[in-house]
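# Survey of secondary and tertiary structure
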Amino acid sequence: MTSSLRLRAGLVSIVLLAAFLGIWHLATRSTAPVATMSPEYAKLMGLTATQGKSAMPGPIDVGAKLWEHLKRPFYDNGPNDKGLGIQLGYSIARVGTGYLLAVLVAIPLGFLIGMSPLLSKALDPFIQVLKPISPLAWMPLALYTIKDSSISAIFVIFICSIWPMLLNTVFGVASVRKEWINVARTLEVGTIRRAFTVILPAAAPTILTGMRISIGIAWLVIVAAEMLVGGTGIGYFVWNEWNNLSITNVIIAILLIGVVGMLLDQILARFTRMVTFPE
Amino acid sequence: MTDKFISIEGIAKRYPGASGATTTIFENLWLSMARGEFCCVIGHSGCGKTTVLNILAGLDAPSEGTVIVDGQSISGTSLDRAVIFQSHALLPWRTVLGNVAYAVSSKWRRWDRAKVKAHAQTFIDLVGLTGSEHKRPSELSGGMKQRVGIARALSITPKMMLMDEPFSALDALTRGTLQDEVRRICLETGQTAFMITHDVDEAIYLADKIFLMTNGPGAVLAEVVENPLPRDRGRTDLHRHPLYYALRNHIIDFLVTRSKTFTAETPDHDPRNVPMVHIGKPGLTIAASDEPRQTRIPGTSPGLTA
């Protein structure tokens, strides 16, 4: 029954994709009447005016261009012409660095706050104020203090991915079942051992959920951050191709951002499943 | 009794209530247990039974008074006092073996893995879970989970076991089997046990002494009932014993009516000398002044039959 459900769902997905591509193709066909104009003027006006071709590329154009990119993902022809693999690599490296730094800070700090009601109450107003700040608002301050655009981007990733992890760790640690803590207490388990053998495994699913939310946010933010700082990365690529008026490349970049985001999310989802325990 | 293995001396538990007033759950509570004795506490919800158990376990501190175990005043939890929780409180991310081994390695920190495992295995076998060592708690039935809880408590070879309604979440058949197991293990190992229960028949089957508590707040230990049934009693012929119904009726009468009215009707109740009730054994007195007074329940005679 499940396999047949999966099969049917897959079929519906394919049909929907085909319909979407079909409508896209039809909507971007050449339809407008071709205006007659002098050849010099036509050169200036481009294909949209001379052949009635839509400025929006069709699925076939995008597919062909994507194939071209996929054949050569790592070429480097100077600062404004790098392969998509390189651009994505830069973005992933920035997200990875900022995110790992956030993990290193958020989880130990979350543990402390979660285990100490005093710290929890004392730090709560700061967290509540800092949490809703758009990570990009930090950018000027980061650029001014760090004086390096690439590290500033990493800082922005760090600051945006820290909150969900921190709050989930605090919540997970603070809401470990009393009876499990009592088991450790009756067994005279020390604080450190208790933290690693009872609280960490009990809070792990909640912590991993926070990490999963964080990686999603980090990937959302990196595109915007790279549009601002420029130089390298998929966000910069999008903006650069917009300046080049290459809508095809913009669409390809959008597609790849989605795919990479999905992969990152799936990796964290797999980790979450590994630490989740059935009750 | 000359041997006071456990002695609760004048403990009280108070919580700050609304507008500065304090709510007293119980106060000036005294009770003692001998080594190897199985004691049950019966009382209505809210009389502070669980609080008494938590204080004995060291999970909770009394507002006043002390608890002396084996000649020493307790402070905090101890590996000498194992707790079997009502909700079994197994760590769900560990297997059966892992849960028991966690307790074993907490008690003997220098033992190597093999020794811990072998020790844990002995207690898993003892509670009849051989073959389920590598299952996780979610794969076990309620009764099996509680068996793991019992194995975990026993594995640290405690001086006493504290049980907070350990079988109340189980179905009647499983409960009976586990009561048999607990009784067998406690008799075999000479374990001192303190158990909270709502089940009168469970108390009669398991306990040597039954503590009756009045309703809270302001609960007191009203009586200590000595179980007149022989130590080698069996589940099947328990109710044929001549004193069974007298005992049962006495406890139920207490729970139904006297638990509410006891404090008002007995103004001279001395919490330090709680009357010891001997069903069907009139006139037995002990000279020592600090021992519980002896009272006899009228209308109960050894000749009473089922």
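What counts, and where the lines are drawn
Residues numbered from 1 in each chain as written. Chains lettered and ligands numbered in written order. Predicted model: local features only at pLDDT ≥ 70, side-chain atom pairs only at ≥ 80, totals over all residues. Heavy atoms only, no water. Helix = DSSP H or I, 4+ residues; strand = E, 2+ residues; numbered from the N terminus. Rg over C-alpha atoms; globule rule 2.2 N^0.38 Å. Contact = heavy atoms within 4.5 Å. Areas by Shrake-Rupley, 256 points an atom, 1.4 Å probe, with all protein chains shown as cover. Salt bridge = Lys/Arg side-chain N within 4 Å of Asp/Glu carboxyl O. Buried < 20%, exposed > 50% of the residue type's maximum accessible area, 1.4 Å probe, protein only. Core = buried A, V, L, I, M, F, W, Y, C linked by side-chain atoms within 4.5 Å. Buried area = accessible area lost by both parts, 1.4 Å probe. Polar contact = N/O pair within 3.5 Å; in protein donor to acceptor, adjacent residues only side chain to side chain. Nonpolar A, V, L, I, M, F, W, Y, C, P; charged D, E, K, R; others polar. Pairing = 2+ DSSP bridges. Phe/Tyr/Trp six-rings, centres within 6.5 Å; stacked < 30°, edge-to-face > 60°. Lys NZ or Arg CZ within 6 Å of the ring centre and 35° of its normal.

Turning our attention to the overall build of chain B. For chain B, the helix and strand inventory stands at seven helices and 12 strands. Scaling as 2.2 N^0.38, a compact globule of 306 residues should have a C-alpha radius of gyration of about 19 Å, and chain B matches this with 20 Å. Dimensions of chain B, computed from the C-alpha atoms along their principal axes, are close to 60 × 55 × 35 Å. Sequence-distant contacts in chain B: of pairs separated by 6 or more residues, those separated by 24 or more amount to 69%. For chain B, the accessible area works out to roughly 13,200 Å², and carbon and sulfur atoms hold 52% of it.

Applying the stated criterion across every chain, the model contains 20 salt bridges over all chains. Note that lysine 65 of chain A and glutamate 68 of chain A form a salt bridge whose closest N and O atoms lie 3.7 Å from each other. A residue pair is termed a helical-turn pair when its members lie 3 or 4 positions apart in one helix, as lysine 65 of chain A and glutamate 68 of chain A do in helix α4 (residues 59–71) at three residues. Judged by its relative accessible area of 47%, glutamate 68 of chain A falls in the partly exposed class. Between arginine 177 of chain A and glutamate 179 of chain A there is a salt bridge whose closest N-O contact spans 3.0 Å. Counted as one network, the salt bridges with shared partners bring together Arg35, Asp70, Asp80 and Lys159 of chain B.

So, about the nonpolar core. Counting 160 residues, the largest nonpolar core has Met211 of chain A together with Phe38, Phe194, Phe211 and Ile251 of chain B as its most contacted members. Element by element, the count of residues in this core is highest for helix α10 (residues 191–229) of chain A, at 16 residues.

This brings us to the interface of chain B and chain A. Taken together, the contact pairs 22 residues of chain B with 18 residues of chain A. Interface area lost by chain B to chain A is led by Leu59, Trp93 and Tyr102 of chain B, which between them contribute 32%. Where chain B touches chain A, the interface holds zero salt bridges. Here chain B and chain A share nine residue pairs in polar contact (both at pLDDT 80 or more) between them. Looking at which element gives the most residues to the side of chain B that touches chain A, the answer is helix α2 (residues 96–107) of chain B, with four residues. Residue composition of the side of chain B that touches chain A, grouped by class: 12 nonpolar, seven polar and three charged.

All names here are of chain B. Strand order in the open sheet made by the four strands is β2-β1-β4-β5, with antiparallel pairing throughout. The strands lining the two open edges of the sheet, one partner per strand, are β2 (22–33) and β5 (72–73). Inspection of the sheet shows strand β1 (residues 6–16) paired to strand β4 (residues 64–69) by five bridges, in the antiparallel sense. Directly across from serine 7, in β4, lies its bridge partner isoleucine 68.

Residues and elements named next belong to chain B. Looking at the element boundaries, threonine 197 is found in strand β8 (residues 192–197). Of the polar contacts made by the side chain of threonine 197, one reaches the backbone nitrogen of aspartate 199; its length is 2.9 Å. Among the polar contacts listed, one links the side chain of threonine 197 to the side chain of glutamate 202, at a separation of 2.7 Å. For threonine 197, the residues in contact, after removing those within four places along its chain, are Cys40, Val41, Ile42, Gly43, Glu165, Glu202 and Ala203.

Here the focus is the packing of aromatic side chains. In total, this model carries nine aromatic pairs over all chains according to the counting rule given. With a centroid separation of 6.2 Å and an interplanar angle of 80°, the aromatic rings of tryptophan 138 of chain A and phenylalanine 155 of chain A are classed as edge-to-face. Placement of the pair is tryptophan 138 of chain A in the loop between α6 (117–130) and α7 (139–146) and phenylalanine 155 of chain A in helix α8 (residues 149–174), with a sequence separation of 17 residues. Taking the centre distance of 4.9 Å and the plane angle of 90° together, the rings of tyrosine 244 of chain B and tyrosine 245 of chain B count as edge-to-face. Judged by relative accessible area, which is 35%, tyrosine 245 of chain B ranks as partly exposed. Here the aromatic residues Trp138, Phe155 and Phe158 of chain A are joined through ring pairs into a cluster of three or more. One Lys or Arg, arginine 183 of chain B, reaches over the ring of tyrosine 205 of chain B and ends 5.7 Å from the middle of that ring. Across the ring face of tyrosine 205 of chain B, the terminal group of arginine 235 of chain B is positioned such that the distance to the ring centre comes to 4.4 Å.

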